[in-house]
Amino acid sequence: MNWILLLEQTLNGFQFGILLFLLAAGLTLIFGIMDLINLAHGSLYMMGAYFAATFTQWTDSFLLGAMLALLASMLFGVILEVIALRTLYTRSHLDQVLATFGLILFLNEFVRLIWGPIGLDIPLPDVLNGSLELFFGIRYPAFRLAIIVVGIAVAFLLYLLVSHTKIGMLIRAGASNRQMVSALGVNINLLYTIVFGLGAALAGLAGLMAAPIMTVEIGMGEGILMITFVVIVIGGVGSIRGAFVAALLVGFIDTVGRSFLPDILGLFVSNDFADTAAPAISSMLIYVLMAIILAIRPQGLFPPKGA
Amino acid sequence: MNWSPRTAFITLLMIGLGAVPLIADGIDEPFYTVMFSRMLILSIGAVSLNLILGYGGMVSFGHAVYLGIGSYMVGIGTIHAIEDGIEWMGNGFIHFAVSIVFSALVGFVIGAISLRTRGVYFIMITLAFSQMFYFVAVGNEKYGGDDGLSLYMRSDFNGLFDISNDNTLYYLNFVILLASLYVSHRIINSRFGMMIRGAKSNEQRMASIGFPVFRYRLTAFVIAGTICGMAGVLSANQTEFVNPSVMHWTRSGDLIIMIVLGGLGTLFGPVIGAVAFLFLEEFLSGITEYWQLIFGPMLVLVVIFARGGIDGMLVLLDGWWNRYSLKNKA
């Protein structure tokens, strides 16, 4: 085992965890406040990546393109909420699952119609297209580092927004008792739209940051959505703090597991077997983690208060 | 028997399904036999899911796992039978038996963990577990990985019947569909089924009467899994191909759509839904390559406006019919 590789993979895991957190935060907010299970959240992530691809091409600048993509994702989320999702808040979870599943089908096909079936590549911006020396001569790609920094900044801003502003207060109040908030004269529909737009922007941010390091393709949001579900379930549905801890945990275990499991398994069983079994087993790791945590705490690590 | 429109429709549907190979051969379009065969297989899957989802209120979003298990049991068995000459591994009875056992085991483990939770947790966890099995299949290079396995023969049933003939396979599917309908009819009208349905409407009440809700639900979960595992065996034989996409999460979503489209918690609803779903797919993809652009919003509209699905509409029709015939008598 190689310590530099371990450190690098730990950072990769951290970076993946940050992306997961951006998705999980929006999803868990939307669920906590509107009681809506939104399968199409992964599609918002996909839209963010595609918007970024297009706007980067138009403006010839990744940063400018990213800004526009962020706005576009938020706008897209708001439109989606107003047209389709608003009617679903009072429905059963089964109805919500089905309708948002229909949205996924629609959005995937929509993207194929507009952008074509072939995946896109976004070139990295020049500023971030190098690697930085961290310490002890260990170098790490600047863009991935930027993802980590942006992610932590967003997590901090989100914390400020939710716990120290008026709108955050309304969000928290809405999560614990909707009728009461609405009875006190708060425009609950507007609040819902704002929260959904916020969630969509977070998902879009994750998508546009993932775009240069992964391929932008149809259905890219679905795989990561499943892992986001695992994150939310582990963290406790409705809890942003839980989502943060669980996202980092899952990101770390998934990434490090994938790169080191063959070696670790090789210590116990024959190398041949380890090489064939490791990919299958490492993709199971986070689900096993979820099962263990659920067995001990069915409500997740940080169940929101009053829920 | 009261020949209301609903009864008549369902009877005609079942007779029609039974006659498909005869008609297809008659008009010399054997393609239809294969297409309806797929409908029957997915119907079996949907009927099994309806047991827990429709009657039990357990929104399992990972039911395609069992389709995958059944399929892979056939795939793995057949590969060994062909490549290593182990004849018994190509035997259909063995395929069924092993699939049932494995589906039951997997259902037991998934159910034991996920049934501890409620509501949205349950949906996400069943979804996540099915995704886990999907990735295991993708990562398993020995049995085809992402590309899957092509099967060069169908399961062998000791010469009792030969399913390499599409019509014979069709009737095997049909018989198993009828059997699973019968089993599910018996289950939901038994004491066990009453308890499952009771727990759907009020779990606490059932628990305070003294029923061990968790155990009953787990049993139903396992039964549904084993029936769907059999559908998996049939599915692999039908397509002569096994790959991970058979248990992709969208497949689980399709099964739920079929049930809701046909009529949630009704005996024949899943069959109606599966037939309607595949007809829609066939019809819409004939109109445009981007058929999901129409299908997706349609699904949203069905959810928002047409509660009760097709069976619900038939019930409405029955109401009009009854009023009409009463008026005529008077």
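Quick caveat, the model's predicted, so the values are computed rather than measured.

Student: Whenever I open this one, the overall build of chain B confuses me. Can you help?
Tutor: From N to C terminus, chain B includes 13 helices and two strands. The globule rule puts the C-alpha radius of gyration for 330 residues at 20 Å, and the 20 Å found for chain B is close to it. The principal-axis extents of the C-alpha atoms in chain B amount to approximately 75 × 55 × 40 Å. Of all 330 residues assigned to chain B, the portion counted as buried reaches 55%. Considering only contacts in chain B between residues 6 or more positions apart, those separated by 24 or more positions represent 76%. For chain B, the accessible surface area stands at approximately 14,300 Å², while carbon and sulfur atoms represent 65% of it. Within chain B, one finds 18 positive and 20 negative side-chain charges whose respective centroids are separated by 25 Å.

Student: Is there a simple way to think about the interface of chain A and chain B in this case?
Tutor: It is common to give the size of an interface as the accessible area lost on bringing the parts into contact. With 44 residues of chain A in contact, the opposing surface of chain B contributes 42 residues. Summing both sides of the interface, chain A and chain B together bury roughly 4,000 Å²; the carbon and sulfur share of this comes to 80%. Along the contact surface separating chain A from chain B lie zero salt bridges. Viewed at the interface, chain B and chain A are joined by four residue pairs in polar contact (both at pLDDT 80 or more).

Student: Would you explain empty space enclosed by the protein in this entry?
Tutor: Rolled over the atoms, a probe with the dimensions of a water molecule shows which regions are left empty. Counted under the stated rule, the structure contains two cavities of 30 Å³ or more. Considering only enclosed or pocket space, the largest cavity measures out at about 70 Å³ in volume. In terms of lining residues, the largest cavity is bounded by B:Leu51, B:Tyr55, B:Ile187, B:Ile188, B:Phe192, B:Gly193, B:Ile196, B:Arg197, B:Ala220 and B:Ile223. For the lining of the largest cavity, the leading source of residues is helix α7 (residues 191-201) of chain B, giving four residues. In terms of residue class, the lining of the largest cavity is built from eight nonpolar, one polar and one charged. In this structure, the second largest cavity encloses a volume near 30 Å³. In this structure, the second largest cavity is lined by A:Leu27, A:Phe31, A:Leu36, A:Ile37, A:Asn38, A:Phe229, A:Ile232, A:Val237 and B:Met124. Grouping the amino acids of the lining of the second largest cavity by side-chain chemistry returns eight nonpolar, one polar and no charged.

Student: I'm lost on the nonpolar core in this one. Help?
Tutor: In a soluble, globular protein the nonpolar side chains are often hidden away together inside. Judged by nonpolar contacts, the single largest core of 201 residues is most densely connected at A:Met34, A:Leu39, A:Val250, A:Met290, B:Leu17, B:Phe61 and B:Phe129. Non-local contacts of A:Met290, meaning those with residues more than four positions away in its chain, are made with A:Val230, A:Val233, A:Ile234, B:Ile125, B:Ala128 and B:Phe129.

Student: Can you help me understand the layout of surface pockets in this one?
Tutor: Of the voids in this model, the second largest pocket is the one considered here, and its volume is about 770 Å³. A:Phe16, A:Gly223, A:Ile224, A:Ile227 and B:Phe135 are the residues nearest the centre of the second largest pocket, which is lined by 30 residues in total. At the level of secondary structure, the elements contributing two or more residues to the lining of the second largest pocket comprise α1 (3-34), α9 (220-235), α10 (240-268) and α11 (271-296) of chain A together with α5 (119-139) of chain B. Split by residue class, the lining of the second largest pocket holds 15 nonpolar, ten polar and five charged.

Student: Sorry if this is basic, but what is going on with helix α3 (residues 64-83) of chain B here?
Tutor: Think of an α-helix as turning once every 3.6 residues; residues three or four places apart then point the same way. Residue and element names in this part refer to chain B. Over its 20 residues, α3 runs 28 Å from end to end, which matches the ideal 28 Å to within 8%, given 1.5 Å per residue. The element α3 is extensively covered by neighbouring structure, given that 17 of its 20 residues are classed as buried. In the stretch just after α3, Gly 85 is the one whose phi turns positive, near 65°.

Student: Would you explain the side chain of B:His63 in this entry?
Tutor: Residues and elements named next belong to chain B. Here His 63 is to be found in the loop between α2 (31-55) and α3. Owing to a relative accessible area of 1%, His 63 belongs among the buried residues under this scheme. Within the structure, His 63 has its side chain in polar contact with the side chain of Ser 48 (distance 3.0 Å). If sequence neighbours within four positions are ignored, His 63 has contacts with Gly 45, Ser 48, Leu 49, Ile 52, Ala 224, Gly 225, Cys 228, Ser 252 and Leu 255.

Student: What am I meant to see in the packing of helix α3 (residues 62-83) of chain A against helix α8 (residues 188-210) of chain A here?
Tutor: Geometry of a packed helix pair, given as the angle between the helix axes and the separation of the axes. All names here are of chain A. Contact geometry of α3 with α8 gives a least axis separation of 7 Å together with a crossing angle of 140°. Every pair of crossing elements has a handedness; the one defined by α3 and α8 is right-handed. Residues Phe 62, Ala 66, Ala 69, Leu 70, Ser 73, Met 74, Gly 77, Val 78, Glu 81 and Val 82 of α3 touch α8, and the partners they reach there are Tyr 192, Thr 193, Phe 196, Gly 197, Ala 200, Ala 201, Gly 204, Leu 205 and Leu 208. Among the residues making up the contact of α3 with α8, the classes are represented as 13 nonpolar, five polar and one charged.

Student: Even after reading the chapter, I still don't get unusual backbone geometry, so can you show me in this structure?
Tutor: With the exception of glycine, most residues fall at negative phi, and the peptide bonds are largely trans. The residue A:Asp35 is not glycine, and still its phi comes out positive at about 60°. For A:Asp35, a relative accessible area of 28% puts it in the partly exposed group.

Student: Help me understand the packing of aromatic side chains in this model?
Tutor: The geometry of an aromatic ring pair comes down to the distance between the two centres and the angle between the two planes. Residues and elements named next belong to chain A. Under the definition given, this model contains 25 aromatic pairs over all chains. On the numbers, 4.9 Å between centres and 45° between planes, the contact of Tyr 50 with Trp 115 is tilted. Here Tyr 50, found in helix α2 (residues 41-59), pairs with Trp 115, found in helix α4 (residues 93-115); they are 65 residues apart in sequence, far enough to count as distant. Each ring, one from Phe 55 and one from Trp 58, has its centre 5.5 Å from the other, and the planes form 70°; the classification is edge-to-face.

Student: What am I meant to see in the side chain of B:Ser99 here?
Tutor: With respect to the secondary-structure elements, B:Ser99 resides in helix α4 (residues 92-114). Those residues in contact with B:Ser99, other than ones at most four positions away along the chain, are B:Ile69, B:Gly70, B:Met73, B:Gly229 and B:Val233.

Student: Even after reading the chapter, I still don't get the packing of α1(A) against helix α6 (residues 166-176) of chain A, so can you show me in this structure?
Tutor: Residue and element names in this part refer to chain A. In contact at an axis separation of 7 Å, α1 and α6 are set at 60° when each is read in the N-to-C sense. Overall, the two elements α1 and α6 adopt an arrangement that is oblique. Residues Leu 29, Gly 32 and Ile 33 of α1 pack against Ile 171, Gly 174 and Ala 175 of α6. Counted by class, the contact of α1 with α6 contains four nonpolar, two polar and no charged residues.

Scoring rules and cut-offs
Residues numbered from 1 in each chain as written. Chains lettered and ligands numbered in written order. Predicted model: local features only at pLDDT ≥ 70, side-chain atom pairs only at ≥ 80, totals over all residues. Heavy atoms only, no water. Helix = DSSP H or I, 4+ residues; strand = E, 2+ residues; numbered from the N terminus. Rg over C-alpha atoms; globule rule 2.2 N^0.38 Å. Buried < 20%, exposed > 50% of the residue type's maximum accessible area, 1.4 Å probe, protein only. Contact = heavy atoms within 4.5 Å. Areas by Shrake-Rupley, 256 points an atom, 1.4 Å probe, with all protein chains shown as cover. Lys, Arg positive; Asp, Glu negative; His and termini not counted. Charge placed at Lys NZ, Arg CZ, Asp CG, Glu CD. Buried area = accessible area lost by both parts, 1.4 Å probe. Salt bridge = Lys/Arg side-chain N within 4 Å of Asp/Glu carboxyl O. Polar contact = N/O pair within 3.5 Å; in protein donor to acceptor, adjacent residues only side chain to side chain. 1 Å grid on protein atoms, 1.4 Å probe; cavity = no way out; pocket = protein on both sides within 12 Å on 5 of 7 lines; lining within 4 Å. Points joined across faces, edges and corners; volume = space filled by probe spheres on them. Nonpolar A, V, L, I, M, F, W, Y, C, P; charged D, E, K, R; others polar. Core = buried A, V, L, I, M, F, W, Y, C linked by side-chain atoms within 4.5 Å. Expected span 1.5 Å × (residues − 1). Axes fitted to C-alpha atoms, helices over the stretch in contact; angles between N-to-C directions. Left-handed = near helix turned anticlockwise from the far one by under 90°. Phe/Tyr/Trp six-rings, centres within 6.5 Å; stacked < 30°, edge-to-face > 60°. Parallel < 35°, antiparallel > 145°, perpendicular 65-115°, else oblique.

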